[in-house]
Structure formats: C-alpha cells, structure tokens
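Analysis of the macromolecular model
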Amino acid sequence: MYKYLFNNKKYTAIFFALLPFRAACTVVITFLLANTIDCAMNQQLDKLPKYIIGFILYIIFDYLIDIANGYYKFNMIQSGTVALRSELFHKYINMKFEDYSAENTGTYFSTIETDVDTIRETFFFIIDTLSEILIMGVALIVVYVYSWQIGVFLTITTIVQALIPVIFDKPLDRAGQKYSQVHEKYTSVLREGLSGFLTAKIFYAEKNIEDKYKKILNKSEQCWKNREFKEEFITDCSYIFNKISYLGVFVFGSFLIMTGTLKLSIIVAIADIVSYISNPALYLVSDIARLKTASEPFRKIQKILCLPEEFDEIEEDCNISNYAVSLIDFTVKYNNERKLFKNINYNFERGKKYLITGESGCGKSTMLSMIAGIRENYAGEILIGDKNIKKIGRKTITSTLCYIDQDPFFFDDDIYTNITFGKNISEQEVTDTLKKVGLQKLLQSMDAGIKTNLCENANRISGGEKQRISIARALVEKTPILIFDEITSHLDEKNTKEIEKLILELEDVTVIMVSHNPTDVMINAADEVLVLDKNGLSV
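Just so we're clear, the structure is a prediction, and the values are computed from it rather than from any experiment. Within every chain, residues take consecutive numbers counted from 1 along the sequence as written. Reporting of local features is limited, given that this is a predicted model, to residues whose pLDDT is at least 70; pairs of side-chain atoms are given and counted only at 80 or more, and all residues count toward the totals for whole chains, interfaces and linings. No hydrogens and no water enter the side-chain calculation; it runs on all heavy atoms of the structure.

The next point concerns the overall build of the chain. Helical segments are the DSSP runs of H or I of at least four residues, strand segments are the runs of E of at least two, and each set is numbered from the N terminus. When you go through the chain residue by residue, the secondary structure sums to 20 helices and 10 strands. Radius of gyration (C-alpha) of the chain: 34 Å, far over the 24 Å computed for a compact globule of 539 residues. Oriented by its inertia axes, the alpha-carbon framework of the chain measures out at about 110 × 50 × 50 Å. Working definition: with a 1.4 Å probe on protein chains only, accessible area under 20% of the residue-type maximum means buried, over 50% means exposed, and in between means partly exposed. Taken over 539 residues, the chain has a buried fraction of 47%. The contact criterion used is simple: two residues touch if any of their non-hydrogen atoms lie within 4.5 Å. In the chain, once contacts between residues fewer than 6 apart in sequence are set aside, the share between residues at least 24 apart is 76%. A total accessible area of about 28300 Å² is found for the chain, and carbon and sulfur atoms account for 57% of it. Note that the radius of gyration is over C-alpha atoms, with the globule rule given as 2.2 Å times the number of residues to the power 0.38. Accessibility throughout is a Shrake-Rupley quantity obtained with a 1.4 Å probe, and a residue counts as covered only by protein chains that appear here.

Here you go:
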C-alpha cells in the first residue's frame, strides 16, 4: 500500500529533504534565546541589535520552511490519495462478476470513501509526526549539551508518554474494527434507502425504511463515539506527562540554578524548546491511537489491492474466424447445489436468429450472461468459434458479442456518451442508429439532440425509450453476435413488434434472444425457437 501513499517521488523527496532545515531552526532559536538573556543580564546593549537581526532572520527562514513544507506535504497527500482511490476503483471495476456481486455495492463505496479517508487522516498526517520526531531528537541533543540532568529527566517523561498507547493497544484495535464494520453497514443501508425511494412511495414504506436507517445510524455514531473517546482518554493520559515535562524543567532547573550548575538563561532557553520534545510525544500517542483504530480499514484495503484481476493469465488478443457459439456439456448449479440444467450440448450457428423461451426462473438470463462471459460459475465449455470463452480476454469478447440485459443502466451523462462510452463513433452514426430504433421523435423534442443529458439513470425518458437506446448501444458496436435478454419487456405490443422486426432483419449477425412472452413476429421469423428447462434446450 505504501507505494500508493508515497506515489509522487518528487514531492516525497523534497518534503523529507526539508526536515533537517526545520530541525536546525530548533538549535538556532535556543542559541539566540540563551545569548539574548545573557546579554540583557550582563547589560551588553551593544550586542542586542545583532540578536534582534538574528530573530528576524530566524522568523523569515522558519516561515519559508513551513510554507514549503506544507506545500509539498499536501501535494504528496493529494497524489497519494488519488493513486490509492484510483487503484481501488480499478480493482473493483475489473473484478469477476461473481466476486463483485458477492458484496453490497455500499461496501465498495464505503471502502473507497470512508476507509480511504481514515487512511489519509491517519497515515498521511503521521508524516507530520515524522518531522516532529526529528525535531524532538535535535532538541534533546541540545538539552543534553546544556544540561545532561534535564536531558535525562525529559527523556524519561517522553518515553513514558510514548508507552501509554501500548497499554491500550487491544481496546483501541477493537474500537477501530467495530466502527469500520458498522459504518460499512451504515453506508449500505443509506444507499439502499435512497435507491429504494420509489418502492417506498409505492408501498407506503417510508417509515419502515426511515426506522431502519435511524437504527443503523445510532449504532454507527455510538461506535464512532466509543472510538473517539478512547483516543481522547489516551491523549489526556499522555498530556499529564506533557505538563510534567514542562513544569519539571522549571522546578528541576531552579534547583540547578541554586546549586550553581546552570544559568537562568539556559533554563529559559530549554523551557522554550521543551514543547519540541514533549509535544511530538503527545502527538505520537494520538497518532498511534489512530493507527490502531485504522488497522481494520488498512487490512480491508490491503486485501482488495491484492485481489486478482479479471484479465490475469488470459489471452487478451485472440483471432476468431468463426462466430458460431457452442455449448459443450454445459451445466449450471444454483448455489452449487440444485442444478438448473445439466450437460447441454448445442451449437448456435453463425448468422441465424435464435429465440429462447421457458418458464420464469428456469435460468434463461443466467445462460445468456454466461454466454456473454459475464458469469463463469458453470461446468463444461462455451466456445466462440473454436475458442473457449474463459481463455478469451474481455477486449476480444466485447468486440465479438454485445449483451443487452433487461435492466440497462444509464450514466448521468448525455445520450451520445451513454451509447458510445467514449469510443470513436461519429455523432452522425449515433443519430442514424437512434432513428433506426424509432427514437427520431425523441431527438426532435430535445433542443440539444444527442447531447441532451439523461440525468441519473435516465430519469428524463420512458422505460420503452431506455430499451431502444440500449438496443442502439448494441447496433453501433457492430459485433457479429448480439445477445438480448427480455429487451422488449417494457414496450407495448406495437413497439415490441417493430423492435423484433428490426432485430430479425439484421444481416450476417447471430442473434440469441430470450423472451418469456414472445410475439408471433418473433416466433414465426426466428430460425430456431428453443425451450429451456431442467432437461436442457429443445426445439
């Protein structure tokens, strides 16, 4: 994970290169304070202007170093966060369908947003502590140079401060894990509740959904409170020794002054840099506490980053000359137990139109998704030409066949982008295709034409218009194999017949279409009408 956190080597190198200069300022200010006080006590006014100039230069130099430090630190943080979130999204978008569908999408959202935020707040800002630790080391050396007795005293109190989080190691770890798990569930419930807005209205279930949200919200905030309180408690315990360090310098220093061991100027100078020693120890306690609470998000993200991608060990480029689709001993089980169908052997010939019917729940949609290479949890083989689909990369599959399911998704973007997905397809070709699927009136009604934004999940258009746009998606791809899953389910009879006629008239294209309620047009015009049941495919 650290290669993402410190993604930009330039910013990282400059940031750490500046740290010695910040530490050097500690030595300078101690020297200036001690000598200025000695000058005042000895009434050496002629030397005072020199020290005033020294203070001015110190302030300017320290200011410039802090500005540069902050600039490179936040650039490093930004670069690392972008790299980490991008890689997580890359992992998710390239997961196998079976792996992706095993979790609620709210879980993925929570990981990319909440867990990465936790990592950023915890791990990235610890780089501040690294800087402070270096300054603390330099400050301790300075103290030892002036007084080994006070140096030993500050070393002991600092070590005690640093040991406090070790004592509370397990409670902090548990609190962090609990919050991460519950907040993940909270994100899922929140997303589910907002996505189910219309369903809640239809069934008058607003109160039920709201109560469910409030319950998980209270639980999530309770876990947050417990985590934060434990961190605050540990910090407060450490703060006691922080005060002991500061006040102890004066008490112990007074004794050393009375014994003639030290001068007042040295005590004042040491007192000024005590904060450089005790404060980093205090922050370190807080950061270690956050590290413990962030251990669960860290483990989750690390696990995701190690996931294999869909394209691993797959032949990405594959020449396919014959676009027939063959099922060989094709067997599918439901939840690895009940068999949907067993040992199906069938060949979908190139250029023919196939209609698959069957009872609801018999596995029609499952079969199509497997032929399209979306699902892989089956036994036997699916071949495109003579190539096993499990050995063909997604790039080759999607250039060979296009799969349109019964519930197409639309992005909050314009019509053109929702059809081309950024591919190099001309606007004129997209417009012609939309007219071909019967959307000419829709285009005429929109001032921006194909550049009209469809809003979230195409809320601006009807269900039938969505289906026609999804068919246009398939047609502009110009793949030799088209797979349609209940694509006319939201259309009236007239439009259904028009779309079916359009599909059946496509030349030199293999069409495999599923429908539980096909029209006479489809039944009469299809080259083969197949029935799917537990015994397999039959004519």
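Right, picking up where we left off after that structure.
Aromatic ring pairs are defined here through the distance separating the ring centres and the angle between the ring planes. For Phe, Tyr and Trp, where Trp contributes only its six-membered ring, two rings pair if their centres lie within 6.5 Å, and the inter-plane angle classes them as stacked under 30 degrees, edge-to-face over 60, or tilted in between. Under the definition given, this model contains 14 aromatic pairs. Centroid distance Tyr92 to Tyr108: 4.5 Å. Interplanar angle 50°. Geometry classified as tilted. With Tyr92 in helix α3 (residues 48-93) and Tyr108 in helix α5 (residues 105-124), this residue pair connects regions lying 16 residues apart in the sequence. Both residues of the pair, Tyr92 and Tyr108, count as buried.

What follows is about helix α10 (residues 206-258). Every helix has an expected span of 1.5 Å times one less than the residues it contains. Over its 53 residues, α10 extends 76 Å from the first C-alpha to the last, a length consistent with the 78 Å expected when each residue adds 1.5 Å. At Gly248, α10 shows its maximal bend, which comes to roughly 30°. Gly260 sits one or two residues past α10 and shows a positive phi near 80°. In this scheme, the bend at a residue equals the angle between the axes fitted to the seven residues that finish there and the seven that begin there.

Here we come to the layout of surface pockets. Each pocket or cavity is described by its volume, and for the largest pocket that value is around 2600 Å³. The wall of the largest pocket is formed by 50 residues, among which Ile93, Tyr100, Asp405, Phe409 and Phe411 lie closest to the centre. Mapped onto the lining of the largest pocket, the elements with two or more residues apiece are α3, α4 (97-100), α5, α8 (169-195), α13 (364-371), α14 (394-400), β6 (401-404) and α18 (463-477). Element by element, the count of residues in the lining of the largest pocket is highest for α8, at 5 residues. Only protein atoms enter the 1 Å grid used here, on which a cavity is any set of points holding a 1.4 Å probe that cannot leave and a pocket is any open set flanked by protein within 12 Å on both sides along at least five of seven lines; residues with an atom within 4 Å of a point are listed as lining. Grid points are joined across faces, edges and corners, and a volume is the space filled by probe spheres set on the points.

Moving on: empty space enclosed by the protein. Within this structure, the stated rule accounts for 2 cavities of 30 Å³ or more. Mapped onto the lining of the second largest cavity, the elements with two or more residues apiece are α5 and α8. Under the scheme applied here, ten amino acids are nonpolar (Ala, Val, Leu, Ile, Met, Phe, Trp, Tyr, Cys and Pro), four are charged (Asp, Glu, Lys and Arg), and all others, including Gly, are polar. Partitioning the lining of the second largest cavity into residue classes produces 2 nonpolar, 6 polar and 2 charged.

Phi at Asp329 is positive, roughly 50°, even though this residue is not glycine. In this fold, Asp329 is placed in strand β1 (residues 325-334). Its identity as a non-glycine residue notwithstanding, Glu486 has a phi of 55°, on the positive side. Within the secondary structure, Glu486 is located in the loop between β7 (481-485) and α19 (493-504). When its relative accessible area of 9% is taken as the criterion, Glu486 is described as buried.

Now for the pairing of strand β8 (residues 510-514). By the criterion of burial, β8 is predominantly enclosed, with 5 of the 5 residues buried. The two faces of β8 match: Thr510, Ile512 and Val514 on one face and Val511 and Met513 on the other face are all buried. Bridge count between β7 and β8: 5 bridges; the pairing is parallel. Each residue of the ladder has a partner; that of Leu482, found in β8, is Val511. What makes two strands pair is DSSP finding at least two bridges between them.

This part covers the sheet that holds strand β3 (residues 353-357). The strands making up a sheet are joined through hydrogen bonds of the backbone, oriented either antiparallel or parallel. Here 6 strands make up an open sheet; going across it, the order is β6-β7-β8-β3-β9-β10 and the pairing mixed. A single partner strand is all that each edge strand has here, and the edge strands are β6 and β10 (536-538). Ignoring which end each strand starts from, the neighbouring axes of this sheet average 20° apart. Where β6 lies against β7, 4 bridges are found, and the strand directions are parallel. Its bridge partner lying in β7, Leu401 is registered against Ile481. Contacts from α18 reach β6 and β7, with the element oriented near 180° to β6. Each axis is a line fitted through C-alpha atoms, taken for helices only over the stretch in contact, and angles between the N-to-C directions span 0 to 180 degrees.

With that settled, consider the pattern of salt bridges. Salt bridges are counted wherever a side-chain nitrogen of Lys or Arg sits within 4 Å of a carboxyl oxygen of Asp or Glu. Taken as a whole and judged by the stated rule, the model has 14 salt bridges. With a shortest N-O distance of 3.0 Å, Asp117 and Arg120 are connected by a salt bridge. Pair noted here: Asp117 and Arg120 are both in helix α5, with a separation of 3 residues, about one helical turn. On the accessibility criterion, Asp117 (23% relative accessible area) is partly exposed. Here Glu477 ties to Lys423 by a salt bridge, and the two come within 2.8 Å at their closest N and O atoms. On the criterion of sequence distance, the pair formed by Glu477 in helix α18 and Lys423 in the loop between α15 (415-420) and α16 (427-436) is long-range, its members being 54 residues apart. Using a relative accessible area of 22% as the deciding quantity, one classes Glu477 as partly exposed.

Interaxial distance between helix α2 (residues 9-41) and α3 falls to 9 Å at its minimum, and their mutual angle equals 160°. Taken as axis vectors, α2 and α3 run roughly antiparallel relative to one another. α2 and α3 meet at a crossing whose hand is left-handed. Here the residues of the contact of α2 with α3 are counted per class, giving 22 nonpolar, 6 polar and 4 charged. Small angles under 35 degrees read as roughly parallel and large ones over 145 as roughly antiparallel, with 65 to 115 read as roughly perpendicular and the rest as oblique. A crossing counts as left-handed when the near helix is turned anticlockwise from the far one by less than a right angle, and as right-handed when that turn is clockwise.

What follows covers the packing of α2 against helix α6 (residues 126-146). Think of two packed helices as two axes; the pair is described by the angle between the axes and how far apart they sit. α6 packs onto α2 with a crossing angle of 35° between their chain directions and a minimal axis gap of 9 Å. As α2 runs across α6, the sense of the crossing is right-handed. Where α2 approaches α6, its residues Phe15, Phe16, Leu19, Pro20, Arg22, Ala23, Thr26, Val27, Thr30, Phe31 and Ala34 are matched on the opposing element by Ile127, Leu130, Ser131, Glu132, Leu134, Ile135, Val138, Ala139, Val142 and Tyr146. The residue makeup of the contact of α2 with α6, split by class, is 16 nonpolar, 3 polar and 2 charged.

Tracing the backbone through its elements, the reader meets Glu500 in helix α19. Neither His nor the chain ends is counted toward charge; the positive residues are Lys and Arg and the negative residues Asp and Glu. Summary of buried charges: Glu500 has no salt-bridge partner, and the nearest side chain of opposite charge, Lys497, is 8.0 Å away. Ignoring any residue separated from it by four or fewer positions in sequence, one finds Glu500 in contact with Thr488, Met513, Thr519, Val521 and Met522.

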